[in-house]
Amino acid sequence: MDFLKILLHVFNIIFTLAGLVMMSIGIWTAVDKIYISSIVGDTLFSSASYLAIVVGIITVFFSIMGIYATAKEHLNLLFVFFGCLCLAAILMLVGGIIAVVFKSEIEGTMVGEMRKTLIEGYGQDADVTDAWDRVQSDMRCCAISETLVEGGSSDYSGPYVDGTIPDANELQYQDSWPIYKRTDWFNRQKNLPKDSKKYVPKSCCVYDSGEYKSLTYCQNFASGPPTTYQNMWTNNHLYYDGCYNKAKTKMLDHADILVALGFVFAFIMIGGIVVTFFVIRRIYNEKEGDAKRRREPDNL
């Protein structure tokens, strides 16, 4: 076995491992964090995750095919393998570019989209509601931010869904607990007395050792948030951190992984493409030489 074939076998083993890693990262991202896309209104993150899964599966398949084709010196299969390598390299570059674009867009649009999905979707759209509940429970946060975030479209001058007007003490907290008073979820409680209303969902409540500390104090605390903002007594049963910074950090970390995998594996595959080209050329020349010798008349 010559050097080029050994080198191509090494590349195929690397490609198989790379495909498994890419597929695993894509599945992990899709299953574990893709729900965040529902609250930030951006499909680029989910697209990059699914693309990583598809590319991983394709890479594992053609790597196994490449090992067989190289061992048997099967020229037609090597041509197919060469084409698959080119396709996979392009897809990985595309995935990396999508992740880069996502990173550049997310900070400029995320706040506005989170406000939009929470106000317009919570309690009305099941997918959005579930996504928000999961984000708040998993990340131990509530709403968007403890204080008003600059940027994004926001109009908090209007009344809440029950007709009440935000008082001066509430204005700086409009991206936090009071935002739930603008949702369809809160509107369904408009006929309940004040002391029976739930001002935040239970996903905003502190959950420890397999149980909530106190849903009653968390969702309706007479001396502080989320019910009143005049005394501002601390509510130890309620999450104070907003989800914006935590979700942004999580998504950017995952995007960094997808960018690194996409570009690193793409350049590795370009090396494999070059080696495959020379292997194909050598095998083709050998077969042409053998065919030419068989066509030559016997001089004896």
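Quick caveat: nothing in here was measured; it's all calculated off a predicted structure.

Definitions and limits used
- Residues numbered from 1 in each chain as written.
- Predicted model: local features only at pLDDT ≥ 70, side-chain atom pairs only at ≥ 80, totals over all residues.
- Heavy atoms only, no water.
- Patch = residues over 30% accessible without salt bridge, like charges linked within 9 Å, V, L, I, M, F, W, Y side chains within 5 Å.
- Areas by Shrake-Rupley, 256 points an atom, 1.4 Å probe, with all protein chains shown as cover.
- Salt bridge = Lys/Arg side-chain N within 4 Å of Asp/Glu carboxyl O.
- Lys, Arg positive; Asp, Glu negative; His and termini not counted.
- Charge placed at Lys NZ, Arg CZ, Asp CG, Glu CD.
- Helix = DSSP H or I, 4+ residues; strand = E, 2+ residues; numbered from the N terminus.
- Buried < 20%, exposed > 50% of the residue type's maximum accessible area, 1.4 Å probe, protein only.
- Contact = heavy atoms within 4.5 Å.
- Core = buried A, V, L, I, M, F, W, Y, C linked by side-chain atoms within 4.5 Å.

## What to know about a positive patch on the surface
(1) Moving on: Positive charge collects at one region of the surface, where K287, K292, R294 and R295 lie side by side.
(2) Moving on: When you line up the elements, R295 lands in helix α8 (residues 244–295).
(3) Moving on: With relative accessibility at 63%, the residue R295 sits in the exposed group.

## Structural notes on unusual backbone geometry
(1) Moving on: With an omega dihedral of 10°, the bond running from P225 to P226 counts as a cis peptide bond.
(2) Moving on: Its location among the elements puts P226 in the loop between α7 (215–219) and α8.
(3) Moving on: With phi around 55°, E73 is a residue other than glycine that occupies positive phi space.
(4) Moving on: Residue placement: E73 occurs in the loop between α3 (44–72) and α4 (75–121).
(5) Moving on: In this structure, R140 takes a positive phi of about 55° despite not being glycine.
(6) Moving on: Residue placement: R140 occurs in the loop between α5 (126–139) and α6 (184–187).

## Thoughts on the environment of P226
(1) Moving on: The buried category is assigned to P226, whose relative accessible area is 1%.
(2) Moving on: Once the C-alpha coordinates of P226 and Y240 are considered, the two residues, 14 residues apart in sequence, prove to be 9.9 Å apart.
(3) Moving on: With sequence-adjacent residues up to four places away left out, P226 is seen in contact with W177, Y199, V200, C218, Q219, F221, N235 and L238.

## Some points on the environment of S24
(1) Moving on: In this structure, S24 sits in helix α1 (residues 3–33).
(2) Moving on: For the pair S24 and V279, spaced 255 residues apart in the sequence, the C-alpha separation amounts to 30 Å.

## Structural notes on the nonpolar core
Side chains of a nonpolar character, in soluble globular proteins, are inclined to be buried together.
(1) Moving on: Counting residues in hydrophobic clusters, the biggest one holds 43 residues, and the most contacted among them are I36, M114, W132 and Y180.
(2) Moving on: At the level of secondary structure, the elements contributing two or more residues to this core comprise α2 (37–40), α4, α5, α6 and α8.
(3) Moving on: Non-local contacts of I36, meaning those with residues more than four positions away in its chain, are made with V135, M139, A247, K250 and M251.
(4) Moving on: M65, L75, L261 and V275 belong to the second largest nonpolar core, which has 34 residues in total.

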